[in-house]
Amino acid sequence: MHYMSGNQTFTMIKPIAVKNNKIGPILKMINEAGFRIKAMKFTHLTKQQACEFYAVHTDKYFFEDLTSFMSSGPIVAAILEKENAVADYRKLIGATDPAKAEEGTIRKLYAESMSHNAVHGSDSDENACIEGDFFFSKMERF
Ligand code: ATP
Ligand code: MG
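From a predicted model like this one, the values you see are computed outputs, not experimental measurements. (Residues numbered from 1 in each chain as written. Chains lettered and ligands numbered in written order. Predicted model: local features only at pLDDT ≥ 70, side-chain atom pairs only at ≥ 80, totals over all residues. Heavy atoms only, no water.)

**Q** Even after reading the chapter, I still don't get the sheet that holds strand β1 (residues 8-13), so can you show me in this structure?
**A** The pairing of strands in a sheet happens through backbone hydrogen bonds and is either parallel or antiparallel. With antiparallel pairing, 4 strands are arranged side by side in an open sheet as β2-β3-β1-β4. Looking at which strands have only one partner, the edges of the open sheet turn out to be β2 (36-43) and β4 (119-121). Strand-to-strand twist across the sheet, computed as the mean angle between neighbouring axes with direction ignored, equals 15°. Seen against the sheet, helix α2 (residues 23-32) touches β1, β2, β3 (75-81) and β4 and runs at an angle of roughly 165° to β2. (Pairing = 2+ DSSP bridges. Helix = DSSP H or I, 4+ residues; strand = E, 2+ residues; numbered from the N terminus. Axes fitted to C-alpha atoms, helices over the stretch in contact; angles between N-to-C directions. Contact = heavy atoms within 4.5 Å.)

In structure tokens form, the structure reads like this:
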């Protein structure tokens, strides 16, 4: 683990949003909400990497769908910095189920369904560290 500063979160722009050409609009919303990009890469998870990333959900009924979807196409992974990053980013992305997401949130605008919900956001400082470390080495963070 690199640090537990509490001012960073981790995000992925999921395959559906990449496919729909929403990388630009989503990064614009992220920047306009006051987040700075500390690390970023365009990559494509293997099925095995998706299973490892979402390991906490291994026993859920949606695990197979989730990991097949997350390995179905390229994603953008990024570490974001802002005061109160984890909570503020969850607010910016909106509810997991886009039908319940607030107006103006990333998921309200760009999600297609519960599984195709456009973006990931860490749910705690600890997971932000773990997830950032999953994708980025020390020298890839700025
Ligand atoms: P994420 O971790 O992707 O940011 P989240 O934290 O809002 O989303 P989690 O509970 O961590 O939601 O679930 C991870 C992902 O699994 C969700 O983004 C969603 O795509 C899928 N998922 C969660 N719950 C369900 C469900 N009940 N039915 C179908 N898919 C689900
Ligand atoms: Mg989650």
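Picking up where we left off.
**Q** Explanation requested: the side chain of His120 in the structure shown.
**A** Relative to the helices and strands, His120 is located in strand β4. On the basis of relative accessibility, which here comes to 10%, the residue His120 falls in the buried class. A polar contact is formed between the side chain of His120 and the side chain of Tyr54, at a distance of 3.5 Å. In contact with His120, other than residues within four places in its own chain, are Phe10, Thr11, Met12, Lys14, Phe53, Tyr54, Tyr89, Ile93, Arg107 and Glu131. (Buried < 20%, exposed > 50% of the residue type's maximum accessible area, 1.4 Å probe, protein only. Polar contact = N/O pair within 3.5 Å; in protein donor to acceptor, adjacent residues only side chain to side chain.)

**Q** Is there a simple way to think about the packing of aromatic side chains in this case?
**A** The description of an aromatic ring pair uses the distance of the two centres, along with the angle that the planes make with each other. Enumeration over the complete set of coordinates arrives at 9 aromatic pairs. Aromatic pair Phe10 and Phe135: ring centres 5.2 Å apart, planes at 20°, arrangement stacked. Here the residue Phe10 occupies a position in strand β1, and Phe135 occupies one in helix α7 (residues 125-135), the gap between them amounting to 125 residues. With a centroid separation of 6.4 Å and 45° between ring planes, the pair formed by Phe135 and Phe136 is classed as tilted. In this structure an aromatic cluster arises from ring pairing among Phe10, Phe53, Tyr54, Phe134, Phe135 and Phe136. Directly above the aromatic system of Phe35 lies the positively charged group of Lys82, at a separation of 5.7 Å from the ring centroid. (Phe/Tyr/Trp six-rings, centres within 6.5 Å; stacked < 30°, edge-to-face > 60°. Lys NZ or Arg CZ within 6 Å of the ring centre and 35° of its normal.)

**Q** It is not clear to me how the pattern of salt bridges should be interpreted in this structure. Could you clarify?
**A** It is possible for side chains of opposite charge to pair when their charged atoms get near one another. Inspection of every chain in the model, using the stated rule, returns 8 salt bridges. With a closest N to O distance of 3.1 Å, Lys47 and Glu64 form a salt bridge. Linking Lys47 in helix α3 (residues 47-53) with Glu64 in helix α4 (residues 63-70), this pair joins segments that are 17 residues apart in sequence. On the accessibility criterion, Lys47 (31% relative accessible area) is partly exposed. Salt-bridge contacts for Lys82 lead to Asp88; the nearest nitrogen and oxygen are separated by 2.6 Å. (Salt bridge = Lys/Arg side-chain N within 4 Å of Asp/Glu carboxyl O.)

**Q** Sorry, what's going on with the pairing of β1 here?
**A** Two faces belong to every sheet, and in a regular strand the side chains alternate between them. Most of β1 sits out of view: 6 of its 6 residues are buried. Burial along β1 is two-sided: the residues Gln8, Phe10 and Met12 and Thr9, Thr11 and Ile13 are all buried. When β1 meets β3, the two strands line up antiparallel, connected through 6 bridges. The residue bridging Phe10 from the neighbouring strand is Ile79, located in β3. Across 3 bridges, β1 lies against β4 in antiparallel orientation. Bridged to Thr11 within β4 is Gly121.

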